[in-house]
Amino acid sequence: MKISYYPGCTLKSKARNFEDSALASLAALGFEVTELERWNCCGALFSLTTDDLLHQLAPVRVLIRAQQAGAGKVTTLCSQCYNTLARANRLMREDEEKRNTLNQFMTEEPDYHGQVEVVHFLQLLRDEIGWERIRAALKRPLTGLKVAPFYGCMLLRPKEVGIDSPVKPSILMDFIAALGATPTDFAAAEECCGAYQVLAAPEAGLKRTRRVVEAARASGVDALVLSCPLCEYNIGKQQQELAAPGGALPVFYFSQLLAVALGAAEESCRFDLNAAGARELLEERGLIAAAARK
Amino acid sequence: MTTVKTGIAAELIPIYIMGKRYLVPEALTIMKAIEYAGYQFIRGCGCRGGVCGACSTVFRREGDYKIYSGLACQTVVEPNMHLAQIPFYPALRRPYDYAAAVADGAIVAQLYPEVFRCVACNACTKICPMDVQVMDYIGALKRGDLALAASISFDCIQCGLCASRCMAEIPQYHVAQLARRLYGGKLAPRAEHLAAMVGRISSGAYRALLGELKTMSAKQLREVYTGRQMEPAMTDESWRPDENVGL
Ligand code: SF4
Ligand code: SF4
Ligand code: SF4
Ligand code: FES
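Definitions and cut-offs
- Residues numbered from 1 in each chain as written.
- Chains lettered and ligands numbered in written order.
- Predicted model: local features only at pLDDT ≥ 70, side-chain atom pairs only at ≥ 80, totals over all residues.
- Heavy atoms only, no water.
- Near = heavy atom within 4 Å.
- Nonpolar A, V, L, I, M, F, W, Y, C, P; charged D, E, K, R; others polar.
- Pairing = 2+ DSSP bridges.
- Helix = DSSP H or I, 4+ residues; strand = E, 2+ residues; numbered from the N terminus.
- Domains from an automatic or database assignment.
- Contact = heavy atoms within 4.5 Å.
- Buried area = accessible area lost by both parts, 1.4 Å probe.
- Salt bridge = Lys/Arg side-chain N within 4 Å of Asp/Glu carboxyl O.
- Polar contact = N/O pair within 3.5 Å; in protein donor to acceptor, adjacent residues only side chain to side chain.
- Axes fitted to C-alpha atoms, helices over the stretch in contact; angles between N-to-C directions.
- 1 Å grid on protein atoms, 1.4 Å probe; cavity = no way out; pocket = protein on both sides within 12 Å on 5 of 7 lines; lining within 4 Å.
- Points joined across faces, edges and corners; volume = space filled by probe spheres on them.

Student: In this structure, what is going on with the site of ligand 3? I would like to understand it.
Tutor: Taken together, B:Cys118, B:Val119, B:Ala120, B:Cys121, B:Asn122, B:Cys124, B:Met135, B:Cys166, B:Ala168, B:Ile170 and B:Gln172 form the complete shell of residues around ligand 3. Residue composition of the shell around ligand 3, grouped by class: nine nonpolar, two polar and no charged.

Student: I would appreciate a short explanation of the pairing of strand E4 (residues 68-71) of chain B in the present structure.
Tutor: Here four bridges tie strand E3 (residues 56-61) of chain B to E4(B), and the two strands are oriented antiparallel to one another. Of the residues in E4(B), the one forming a bridge with B:Phe59 is B:Tyr68.

Student: Is there a simple way to think about the domain arrangement of chain B in this case?
Tutor: For an interface, size is often stated in terms of accessible area lost upon the parts coming together. All names here are of chain B. When the domains of chain B are assigned, the result is domain 1 (2-85) and domain 2 (105-187). On a C-alpha basis, the centroid separation for the pair domain 1 and domain 2 is 29 Å. Every contact between the two is made by 11 residues of domain 1 and, on the other side, nine residues of domain 2. Between domain 1 and domain 2, the buried area comes to about 700 Å², and carbon and sulfur atoms account for 65% of it. Sorting the residues of domain 1 by area buried against domain 2 places Ser56, Ile67 and Ser69 first, and these three jointly supply 48% of that buried surface. Across the domain 1-domain 2 interface, the total number found is zero salt bridges. Along the contact surface separating domain 1 from domain 2 lie one residue pair in polar contact (both at pLDDT 80 or more). Secondary-structure elements contributing two or more residues to the side of domain 1 that touches domain 2 are E3 and E4. Among the residues forming the side of domain 1 that touches domain 2, the class breakdown is five nonpolar, six polar and no charged.

Student: I tried to follow the sheet that holds strand E8 (residues 251-253) of chain A on my own but got confused; where do I start?
Tutor: Residue and element names in this part refer to chain A. What the four strands build is an open sheet, ordered E6-E5-E7-E8; its pairing is parallel. Two strands bound the open sheet, and with one partner strand each, they are strand E6 (182-183) and E8. In this sheet, E6 lies alongside strand E5 (residues 146-149) in parallel orientation, the contact comprising two bridges. Within the sheet, the bridge partner assigned to Lys146 lies in E6 and is Thr182. Packed on one face of the sheet, helix H8 (residues 171-178) meets E5, E6 and strand E7 (223-226) and runs near 155° to E5. In the packing of helix H11 (residues 229-236) onto the sheet, the strands contacted are E7 and E8, and the crossing angle to E8 comes to about 170°.

Student: Just to check I follow, could you spell out the interface of chain A and chain B for this structure?
Tutor: Each side of the interface is counted separately: chain A has 17 residues, and chain B has 13 residues. Both faces combined, the contact of chain A with chain B buries some 1300 Å², and carbon together with sulfur accounts for 53% of it. The partner of B:Lys126 in a salt bridge is A:Glu108, with the nearest N and O atoms 3.5 Å apart. With four residues, helix H3 (residues 57-68) of chain A is the largest single contributor of residues to the side of chain A that touches chain B. When the residues that make up the side of chain A that touches chain B are grouped by side-chain class, the tally is seven nonpolar, four polar and six charged.

Student: What is the right way to look at the site of ligand 2 in this model?
Tutor: The environment of ligand 2 is made up of B:Cys128, B:Pro129, B:Met130, B:Val134, B:Tyr137, B:Cys156, B:Ile157, B:Gln158, B:Cys159, B:Gly160, B:Cys162 and B:Tyr173. Residue composition of the shell around ligand 2, by class: 10 nonpolar, two polar and no charged.

Student: Any chance you could explain the layout of surface pockets here in plain terms?
Tutor: Think of a ball as big as a water molecule: rolled over the atoms, this probe shows where empty space is left. For the largest pocket, the calculated volume is near 1600 Å³. Forming the walls of the largest pocket are 49 residues, and the residues nearest its centre are A:Cys9, A:Thr10, A:Ser13, A:Lys14 and B:Phe116. Contributing elements (two or more residues each) for the lining of the largest pocket: helix H1 (9-12), helix H4 (79-94), helix H9 (197-200) and H11 of chain A together with helix H2 (105-111) and helix H4 (134-142) of chain B. Lining the second largest pocket are 18 residues, with B:Val224, B:Arg228, B:Glu243, B:Val245 and B:Gly246 positioned closest to its centre. Mapped by element, the contributors of at least two residues to the lining of the second largest pocket are helix H9 (207-215) and helix H10 (218-226) of chain B. Ranked by residues supplied to the lining of the second largest pocket, first place goes to H9(B) with four residues. In terms of residue class, the lining of the second largest pocket is made up of 11 nonpolar, three polar and four charged.

Here it is in structure tokens:
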């Protein structure tokens, strides 16, 4: 079955370290996805206003593009894109009245009924590729690295589109184990990163940052992996506002550690785009070559 | 359909200009039909050749809810079309320092933050008389892809109709022009053969040839001009003229 890849806007700009490392990993695994030739921003949020169909146009159009590309599935990396697309897809599958209104509005597009399946990249790794195949392809197992998952909200909630149990997920723990690292759970793994509060109420946002970082430190983790550029901003970049004792807690996109473990070219990881501490940790552990310091 | 026989070859057909019915000869362009009906274009008309973007028309067809558009100088009248000219639609172009501008997505976000309000309604694409995929170039700009936006918007003639339809109030064509200028001047690879040619011209390599032309009579000039070998309409880039005296 053909699988289309939907990148989303942020991965083409600020989060190249997420996309490049994921695509390099797929290449290393010998697994193929095709980027959609035409696509638009998904809108980044699923509108909760039930009569607001306007904001469903963008994600539904993306699904139509995947259908036009002849794909049975469309995969995406960003948790928010995943959540928005998956929920819009459910709407098109289950709500006949709204589906009709949307299809009639978009007379320039073919009708869409939710035929394409939306899968997050982690589901692709788990269900299409499988942890075993990843394990077998490891070039540089992350032995000894204590890595904790940070799911945030959008991978797990609401449960209708969650990629795993909303209360006791294991997918990222299994992923971390498959890389040869030490999966380490911690108290805030399924909590919210603060989302857009960073703009509306920065102080409230920083409270979330502090809570997550302190909980992770308390469990003795070396690094967090996550799957969302906004989470990465809130938990990674915003640490500089905290001046936490003990220095920065490194935060990675899950795909970056995958690329390192699979021995993909290091340029694909773009550690220069990560917050402080990420690249240094991997150098220290001898997982990547030390870069020349400026 | 109401048709009226006239002394001249064309039949008259009814059209509605801003709601008023006129009989105009069929096969006229909208622009000529409006003039035939007695209007005079003081603005909203430029090249009459489909390239300046001054003459946008919006129209409906009877029994059809859809809105159509066209360039008045290019589109032929149809019986019972209801039309109005939209010669101008306010859309502001934000000033910036071209020399200092860095060609990436950040400048688009800074000058036109409203692009992030796009909801992908596609009304802009549907109205574009040049069949430009307007929504798609706005989408490309949201992700900072100036090269893609420049390429998708290449046929834009700045008519402004897209901006008239945008529920996000985006002046799409100004944003696209920004993208093309930044891409063209700062990102696109330089054409080296062009620089070489300019160099040859300024070194005076063609001065004698020009001097020769200057001494010709009008009759001789006309002969040279009409006798020149034209590139066939359908050919590829391997085509060369038999004689290449000027190059
Ligand atoms: S944790 Fe925050 S940014 Fe990440 S998915 Fe949840 S709300 Fe979004
Ligand atoms: S993109 Fe907009 S301004 Fe350009 S030709 Fe199309 S409608 Fe006119
Ligand atoms: S009309 Fe405006 S909101 Fe609608 S797709 Fe075009 S740019 Fe986006
Ligand atoms: S008058 Fe210039 S495009 Fe019609």
